[in-house]
Amino acid sequence: MNLWRKTKMAKNNDPKKVITGWDTRWSYCNVWEAKGIDGSRPAWSVSLIIPKSDKETLAKIEKAIQAAYEEGASVLKGTGKTVPPLSAINNPLNDGDEKRSGDPAYADAFYLNAKNYQRAPGIVDKDRQDILDHSEVYSGVYGRACISFFAYNKNGNKGIGCSLHHLQKGRDGEPLGGFTRAEDEFDDGEEDFLS
């Protein structure tokens, strides 16, 4: 077996790690610098909106959450006598139709919030080339995300969290939250007045 194949296999053997499908939409995209909200610890973060029709990605996420729950049993048990059932702790996968019913971007989709407190995510295009232009990555873009899940038990809150590792942009989308790109604003179909 060659080294590349060994590396590729080793990379994909963590049951808590998932690469989402291409139809995952990025929202609240805070991936260029770590930010804290209301005095919270600064982090790089993104809300990943996954269509309910992407059953393959959702199945992988549910499997990874289960793996994180099983691996983190001692963390979740803490000083208690038993490990709480998965249904009784915080789950990172949320139903957009229930929890974000007023927001059309989350309709007919599940979503999860992924964060990283230690390092910025790697961000690449479809050809796996680094994206350096910050305007290329905004809330509304579609693409894949490399994420992993872990158990936590902090200050009485028990659950499964989601870590953000890398992002791969697939295509542009309608910007969310009122953001517009300069190149879109000035694309009025008129010829350059200097030519």
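Residues numbered from 1 in each chain as written. Predicted model: local features only at pLDDT ≥ 70, side-chain atom pairs only at ≥ 80, totals over all residues. Heavy atoms only, no water.

Chemist: Is there a simple way to explain the overall build of the protein in this structure?
Modeler: The number of helices and strands found in the protein is 5 helices and 8 strands. Listing every helix and strand of the protein by position from the N terminus yields α-β-β-β-α-α-β-α-β-β-β-β-α. Within the protein, buried positions represent 38% of all 195 residues. In the protein, the share of contacts with a sequence separation of at least 24, taken over all contacts with a separation of at least 6, comes to 68%. Roughly 12,300 Å² of accessible area belongs to the protein as shown, and the carbon and sulfur atoms make up 49% of that amount. (Helix = DSSP H or I, 4+ residues; strand = E, 2+ residues; numbered from the N terminus. Buried < 20%, exposed > 50% of the residue type's maximum accessible area, 1.4 Å probe, protein only. Contact = heavy atoms within 4.5 Å. Areas by Shrake-Rupley, 256 points an atom, 1.4 Å probe, with all protein chains shown as cover.)

Chemist: For this particular structure, what's the right way to read unusual backbone geometry?
Modeler: Of all residues except glycine, most have a negative phi; of all peptide bonds, most are trans. One non-glycine residue, Y28, adopts positive backbone phi at about 45 degrees. Positionally, Y28 belongs in strand β2 (residues 25-35). A relative accessible area of 53% means that Y28 is categorised as exposed. The residue N155 is not glycine, and still its phi comes out positive at about 50 degrees. Here N155 lies in the loop between β7 (142-154) and β8 (157-171). Relative accessible area serves as the criterion here: at 73%, N155 is assigned to the exposed category.

Chemist: Can you help me understand the layout of surface pockets in this one?
Modeler: Empty space among the atoms becomes visible once a probe the size of a water molecule is rolled across them. Here the largest pocket defines a volume of roughly 690 Å³. Taken together, the residues of the lining of the largest pocket sort by class into 6 nonpolar, 12 polar and 4 charged. (1 Å grid on protein atoms, 1.4 Å probe; cavity = no way out; pocket = protein on both sides within 12 Å on 5 of 7 lines; lining within 4 Å. Points joined across faces, edges and corners; volume = space filled by probe spheres on them. Nonpolar A, V, L, I, M, F, W, Y, C, P; charged D, E, K, R; others polar.)

Chemist: Quick question: what am I supposed to make of the pattern of salt bridges here?
Modeler: Taken as a whole and judged by the stated rule, the model has 8 salt bridges. For R171, the salt bridge is made with D23, and the minimal N-O distance between the two is 3.2 Å. One end of the pair, R171, is in strand β8; the other, D23, is in the loop between β1 (17-19) and β2, and 148 residues separate them in sequence. When its relative accessible area of 40% is taken as the criterion, D23 is described as partly exposed. R100 is the salt-bridge partner of D103, the closest N and O atoms lying 3.2 Å from each other. Residues joined by salt bridges that share partners form a network here, namely D14, K16 and E71. (Salt bridge = Lys/Arg side-chain N within 4 Å of Asp/Glu carboxyl O.)

Chemist: It is not clear to me how the side chain of N30 should be interpreted in this structure. Could you clarify?
Modeler: With respect to the helices and strands, the residue N30 is situated in strand β2. In this structure N30 comes out as buried when scored by relative accessible area, which is 13%. At a separation of 3.0 Å, a polar atom in the side chain of N30 contacts the main-chain carbonyl oxygen of A43. Setting aside residues up to four positions removed in sequence, N30 forms contacts with K35, A43, W44 and S45. (Polar contact = N/O pair within 3.5 Å; in protein donor to acceptor, adjacent residues only side chain to side chain.)

Chemist: So what exactly am I meant to see when it comes to helix α2 (residues 55-71) here?
Modeler: An α-helical turn contains 3.6 residues, so any two residues separated by three or four positions project in the same direction. Between its first and last C-alpha, α2 extends 24 Å over 17 residues, near the 24 Å set by a 1.5 Å rise per residue. Turning to α2, its buried residues number three or more, namely T57, L58, I61, A64, I65, A67, A68 and Y69. On its buried face, α2 is in contact with β1, β3 (43-51), α3 (73-77), β5 (109-116), β7 and β8. (Expected span 1.5 Å × (residues − 1).)

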